[in-house]
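# A look at the structure
For reference, the chains in residue letters:
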Amino acid sequence: MANLYWLDRIQPEHQSLVGNKAFHLARLLQTGYPVVPGFVISAQMFWEFLETVNWPEPLFADLPHSSLRLDIDNPQQLQAIARQIRQAITIAPLLTEWVSEVKSAVSQLGSPVVILRPSLALRKTSWKIDASRFEPVIDGRSSALFNIQTCGMTEESLIEGLKQLWAQLFGAKSLFYWQRTGIPLQQICLAVLVQPLWSAIAAGTVQANDSYFQVQATPGLGMAITWGETIPDCYQIHTKSGAILSRHLGKKTIVYDPVAEPADLKGSSLHLSLRFLDETRQASNAIEDWQLEELIHLVQRLLVDCAPPMELEWVLSCATNSQPQVYLTQVIPQLVRASWSPTNLGDWEPLSSLHEEPVMNSNWRPLLTGLAVSQGRAIARASVIADPQKAAIGILPGTVLVAPSLPPQWLPLIQQAAAIVTEQGSMTSHGAIVAREVGVPAVMGATNATAHIQTGDLVMVDGSRGRIYRIEPNGAQETSPPIMGQGHADVEALQSTPPRPLSDVLPVSDSLERPPIGTQLMVNVSQLSSLDLIADLPIDGVGLLRSELLAIALLNNQPPHYWLQPEHHAEFVERLTDALCQFASALAPRPVFYRSLDLRSHEFGDLGGGEATAPGGNPVLGMRGTFRYTLYPTLFELELAALAATQQTGNRNIHLLLPFVRAVEEFEFCRQRVERTGLMHNPNFQIWIMAEVPSVLFLLPEYVKAGVKGISIGSNDLSQLLLGIDRDNTLLSSAFDERHPAVKAAIAQLIQQAHQAGIPCSICGQAPVRHPELIADLIRWGIDSISVEPEAVETTYWAIARAERRLLLETARQQP
C-alpha cells in the first residue's frame, strides 16, 4: 500500500486513505478546476507510525487499535494524558525510507515553503478490510481541532511539522471532541495534505447556498482571516446571475507572506512573515473588479457541478502564470448525513455527488446511476417498455417512463411523464433536449434499467444527480405505497427540492436590474407549450426552432412516411403553418429561425417513397440534412409551403435554417426551391445554414457567394465529427468535450470567417450551457448571438454581461 498519493492520481478507492478534504480537491483537479497541486501523506503511514512509538504508559501501547476511553469530565487528567501522548509522538523517530519519500515529493512541488493541512475520514473496522467499504463522514468542522503547519525544505522542518500535526489528534480538546461525539479514535483516518505555500496577491473564503454566496478577501495569505486578525472585504453575490448585491470594504492592516526562514509567530515557529499595510492599501479592495469576476465565474461553475451549500477557500497568485489566477485550496461540501450509502464507492460518480443527498428513508434502495440530463426529482410508479420498436400503449400519465431508448414518436409522452429513465442517450439526444425544455427530470445511460425496474415499482428519479432509487416502506412492500407525498414523511421531505421551474430563475421583475448586453441572446425551443415559459425571458428571438420535435407533437406521433402520403400533405402544411404563426406572432418583431427537418434513419426509420436505408450504415453520416432534400424533396417542399403560408398571414419575422449542409450545391438546390415559393419576395427573409459539418470551415466564402445570410454553429455535431466521437453513445460521453482545443479553434475560425464575409454568426448547440466558461471565449471571438434552452437563459445572460464587461476592462487597460 502506498504512503503518498498525488492529487492528480487519487482514485475513488483511496478516499479513506487520503481523507475527504484531499479527495474532494483531487476530484476537482482531475476535472479541470484550478487547484493548488500537492500530495497526501496517507492515514496508513500515520497508524503505522503510532505502532513504532515507544509509549511511556501501557495504556497507550495498543493505541492504534483501542478506543482510549477517558474521563473527559476530569480536565486535569485529560490534559495530562494528552500531553504524554503528544510528547511521545514528537520525540519518536520516523523511518528513514519515509523521510526520504516525503523529502523527494516536497522537492517536486518547487516551492521553498509548504503547508500541511489535516485531511480526515472514518474507517469502520481495521485496515484489513477493503478501503472501498470505508464511509467518509467527517466534515470541515473537525479541522478546527488542528493548526496548520508550515515547513521549509529541510528534513528537520518537514519532520517536525508532520509530527506536530499528527500529535494534534491527541490534544485535550481533540480527545474531548471525539469522545463526546462517540467516534472511537481508531476509526479516524488522519491523512496530511501537503501543498506549496505560494506568495499570494489575495486570499479568502466563499460560503455559498442556493440563492447567494458571500466572498471574503484579504491581501496576502488567508491566515489573517483564519486567525481573526483582519476584517476582510465582503461581497454578497447572487448565485444564479453572478450580480454583486453588496460590497463592504474591510479593515485590513496586516499581510502574511511565506518565507523560507521560520519566524516566531502565533507562539510557534512558522514560515511566515508579517507586514503592515500603508493607509493607501488599507483603503483599497484586496482584489480588483476583474479578479472578483473571475472568482464569481469559478464559484458559479462549482455550484453547477457541486450543488450548494458549500464552503471553499481560495488564493489569487501568479505562482504558475505571469497573470494572476484564482486557485482553490479547500472545498467543504456542507454534508447532510443520509442513512444509506452508495452501493459502489469504487466507481467515480458525477461531480454533483460531492454533496450529500437529501435525507432519505433507509429502505429507498439506490438501483442505478446514469447521466443527469434534466434536473429535478420525481417519485412515481414505473411504466417499463422493454422494446422501443413497439407502440407505447398503456403508458399512464404521471408515471416514470423506463425504456431502452426514446424513439422520436414517443417524445410527446415526455410531457405527460413524471420522469424519464433510458438505457441509451446523452445530454444532446432529442429526448434529453425535450425533457429539459418541458422541465421533466431525466436520467439516461442507466445500464439495464428495463431489467432492474419493473412496471408498477415505486421509484424516485433524481435528474440532478443521475440516480434512480426504489422506494420500499419499512418491512414488506405494501400493495399501494404512497405517491408524491401522500402521507409519507420522507416523500414529503423530498418535495422541498422539486424539479427547478423557470420561475426559480431570476425573473424580470426581480430587484436586480439587468445590465445591457451587446451580444444577442436567443432561445432554443421545439414545443408550443414553451411559449408561456419564455414569455418574460430577456431574449432577442428564437435562435433554433427544432422542426423534428415540433412536427412529431403536431401530427399525432405519426411517422414521417405517413406525412408523405399525398392525402396528408394539406394537413401537414396546415398544422405546421398554425404552429409557426403562433411562434412568429408571440416573438414579433424578434426573429424566429426555423430549422427544417433533419431526419436520421436510426430515429425516423425508412421514410418510404422509394427511399433506401443502407443496412449497417452510420446514421450520423447517412441519409440526413439537405442531402436528403436533393433526393427526396417532398417533405422539404411541404415545409416551405408552410413557411410561405406563415409569411402570407403577415408574420414576416420567420427565417429558414438549413440543417447538416455538406456541399454548396445542396444549399443552391434548397435556395432555388425557396425562390419558387415566393418567400424571397420579403426582402427581410433570410436563409442561414447550420455550421456543423467541418467542410464549412473551408467553404464558407463559397456559401456566402451562393446566398447564405448567416450561420449557426451546431456545436453538438461539429464536436462529434471533429473528435470522431458518437455523441449519443453513453460509453463515450466522458470523451465528448466541446472544450477540446480542436473544437474551440474551429468555432473561433467560423466566427472570424463569418465576420470577414459580412454575415452574422450564432451558436445554438449545448456547449455554452454544458460549459459556461466557453461564453467568455465566444464573446472575445466576437460571436453575434448565443442561443440556449429556456432554463439556461438567465444564467447565460449574466455570463454574457460579465464577459462583455471583462473584455471592455481588458481593452481599456491596453490603451495608452
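Residues numbered from 1 in each chain as written. Predicted model: local features only at pLDDT ≥ 70, side-chain atom pairs only at ≥ 80, totals over all residues. Heavy atoms only, no water.

## Thoughts on the overall build of the chain
What the chain contains, in helices and strands, is 27 helices and 29 strands. The contacts in the chain between residues at least 6 apart in sequence include a share of 68% that link residues at least 24 apart. Accessible surface for the chain amounts to roughly 33,200 Å². Of this, 51% is attributable to carbon and sulfur atoms. (Helix = DSSP H or I, 4+ residues; strand = E, 2+ residues; numbered from the N terminus. Contact = heavy atoms within 4.5 Å. Areas by Shrake-Rupley, 256 points an atom, 1.4 Å probe, with all protein chains shown as cover.)

## Quick notes on the sheet that holds strand β26 (residues 687–691)
A barrel is described by the order of its strands in space; here eight strands give the closed sequence β22-β23-β24-β25-β26-β27-β28-β29, paired in parallel fashion. Across the sheet, the mean angle from the axis of one strand to that of its neighbour is 30°, orientation sign disregarded. Looking at chain direction, strand β25 (residues 654–658) and β26 are connected through three bridges and run parallel. Bridge pairing in β26 places Leu658 opposite Ile689. (Pairing = 2+ DSSP bridges. Axes fitted to C-alpha atoms, helices over the stretch in contact; angles between N-to-C directions.)

## Digging into the pairing of strand β29 (residues 785–788)
Burial along β29 is two-sided: Ser785 and Ser787 and Ile786 and Val788, pointing in opposite directions, are all buried. As judged from the two bridges shared by strand β28 (residues 761–763) and β29, these two strands associate in the parallel manner. The residue bridging Ser762 from the neighbouring strand is Ser785, located in β29. (Buried < 20%, exposed > 50% of the residue type's maximum accessible area, 1.4 Å probe, protein only.)

## Focus: the packing of helix α4 (residues 96–108) against helix α5 (residues 155–167)
In the contact formed by α4 and α5, the axes pass within 11 Å of each other and the chain directions differ by 105°. As summarised for this structure, α4 and α5 are arranged roughly perpendicular, according to the angle between their axes. Of the residues in α5, those in contact with Val99, Lys103 and Val106 of α4 are Glu155, Leu158 and Ile159. The class makeup of the residues in the contact of α4 with α5 is four nonpolar, no polar and two charged. (Parallel < 35°, antiparallel > 145°, perpendicular 65-115°, else oblique. Nonpolar A, V, L, I, M, F, W, Y, C, P; charged D, E, K, R; others polar.)

## Some thoughts on α4
Over its 13 residues, α4 runs 19 Å from end to end, which matches the ideal 18 Å to within 8%, given 1.5 Å per residue. Summarising the contacts, the buried residues of α4 are in contact with β1 (4–6), β2 (39–41), α2 (43–52), β3 (114–122), α5 and β5 (188–196). Downstream of α4 by one or two residues, Gly110 has phi in the positive range, about 65°. (Expected span 1.5 Å × (residues − 1).)

## With respect to unusual backbone geometry
With an omega of 0°, the peptide bond running from Ala588 to Pro589 counts as cis. The backbone phi angle of Asn448 is positive, close to 60°, even though this residue is not glycine. With respect to the element layout, Asn448 can be found in the loop between β19 (442–444) and α12 (449–452). Overall, the relative accessible area of 44% leaves Asn448 in the partly exposed class.

## What to know about the packing of aromatic side chains
Per the counting criterion, the structure on display carries nine aromatic pairs. When the ring of Phe46 is compared with that of Trp166, the centres are 5.6 Å apart and the planes differ by 45°; the resulting orientation is tilted. In this pair, Phe46 is assigned in helix α2 and Trp166 in helix α5, connecting sequence segments 120 residues apart. Summarising the burial analysis for this pair, Phe46 and Trp166 share the class buried. Each ring, one from Phe46 and one from Phe170, has its centre 6.4 Å from the other, and the planes form 35°; the classification is tilted. You can see Phe46 sitting in helix α2 and its partner Phe170 sitting in the loop between α5 and α6 (172–181), a full 124 residues away along the chain. Judged on exposure class, the residue Phe46 and its partner Phe170 are both buried. Ring pairing ties together the aromatic residues Phe46, Trp47, Phe49, Trp166 and Phe170, which thus form one cluster. Over the ring of Tyr33 we find Arg301; its NZ or CZ atom is 4.0 Å from the centre of that ring. (Phe/Tyr/Trp six-rings, centres within 6.5 Å; stacked < 30°, edge-to-face > 60°. Lys NZ or Arg CZ within 6 Å of the ring centre and 35° of its normal.)

## Quick word on helix α21 (residues 664–677)
Its 14 residues place the ends of α21 21 Å apart at the C-alpha level, agreeing with the 20 Å of an ideal helix rising 1.5 Å per residue. What α21 keeps buried is the set Val664, Glu666, Phe667, Phe669, Cys670, Arg673 and Val674. Residues of α21 that are buried make contact with α19 (625–631), α20 (634–648), β25, β26 and α22 (696–706). Downstream of α21 by a residue or two, Gly678 has a phi angle that is positive, lying close to 90°.

## Considerations on the sheet that holds β1
Strand order in the open sheet made by the five strands is β1-β2-β5-β3-β4, with antiparallel pairing throughout. At either end of the open sheet lies a strand with only one pairing partner, and these are β1 and β4 (149–151). Neighbour-to-neighbour, the strand axes of this sheet turn through a mean angle of 30°, independent of strand direction. Relative to β2, β1 runs antiparallel, the two being bridged by three bridges. Paired with Trp6 across the bridge in β2 is Phe39. Relative to β1, α4 is tilted by about 15°, and along the sheet it contacts β1, β2, β3 and β5.

## With respect to the confidence of the model for the chain
The predicted model of the chain averages 80 in pLDDT, with 80% of residues at 70 or higher. Segment residues 124–141 is flagged for pLDDT under 50; beyond a separation of four residues in sequence, or across chains, it makes 35 contacts in the model. When the criterion is pLDDT under 50, residues 608–616 qualifies, and its contacts beyond four places in sequence or with other chains add up to 10 contacts. (pLDDT = per-residue confidence, 0-100.)

## Describing the pattern of salt bridges
Using the criterion set out here, one finds 21 salt bridges in the structure. Measuring nitrogen to oxygen at the nearest pair gives 3.9 Å for the salt bridge that ties Glu155 to Lys103. A residue pair is termed long-range when its members are at least 10 positions apart, and Glu155 in helix α5 and Lys103 in helix α4 qualify at 52 residues. Residue Glu738 pairs with Arg770 through a salt bridge whose shortest N-O separation is 3.2 Å. With Glu738 in the loop between α23 (715–723) and α24 (741–757) and Arg770 in helix α25 (residues 767–770), this residue pair connects regions lying 32 residues apart in the sequence. A network of salt bridges, in which partner residues are shared, links Asp598, Arg624 and Asp717. (Salt bridge = Lys/Arg side-chain N within 4 Å of Asp/Glu carboxyl O.)

## Remarks on the nonpolar core
Counting residues in each nonpolar core, the largest one holds 78 residues, and the members touching the most others are Leu656, Leu658 and Ile711. Once you skip the residues sitting within four places of it in the chain, Ile711 turns out to touch Trp688, Ile689, Ala691, Leu700, Leu750, Ala754, Ile759, Pro760, Cys761 and Ser762. Counting 47 residues, the second-largest nonpolar core is a separate cluster that includes Met45, Leu122, Trp166 and Leu169. (Core = buried A, V, L, I, M, F, W, Y, C linked by side-chain atoms within 4.5 Å.)

## Details of the side chain of Ser111
On the secondary structure map, Ser111 appears in the loop between α4 and β3. Here the side chain of Ser111 touches Val113 through a polar contact of 2.8 Å, landing on its backbone oxygen. Setting aside residues up to four positions removed in sequence, Ser111 forms contacts with Met153, Pro196, Leu197 and Trp198. (Polar contact = N/O pair within 3.5 Å; in protein donor to acceptor, adjacent residues only side chain to side chain.)

## Considering the environment of Glu639
Residue position: Glu639 is located in helix α20. With a relative accessible area of 1%, Glu639 lands in the buried category. Taking the C-alpha atoms as reference points, Glu639 and Tyr594, 45 residues apart in sequence, are found 9.9 Å from one another. Setting aside residues up to four positions removed in sequence, Glu639 forms contacts with Ser547, Phe572, Leu576, Tyr594, Ser596, Leu597 and Tyr629.

## Regarding the side chain of Ser174
The residue Ser174 is located in helix α6 in this model. A relative accessible area of 0% means that Ser174 is categorised as buried. A polar side-chain atom of Ser174 sits 2.7 Å from the main-chain carbonyl oxygen of Leu169. Setting aside anything within four residues of it in sequence, one finds Ser174 in contact with Leu145, Gln168 and Leu169.

## So, the environment of Gln565
Relative to the helices and strands, Gln565 resides in the loop between α16 (560–564) and α17 (569–587). Taking the relative accessible area as the measure of exposure, Gln565 reaches 29% and is therefore partly exposed. Taking the C-alpha atoms as reference points, Gln565 and Thr634, separated by 69 residues in sequence, lie 9.9 Å from one another.

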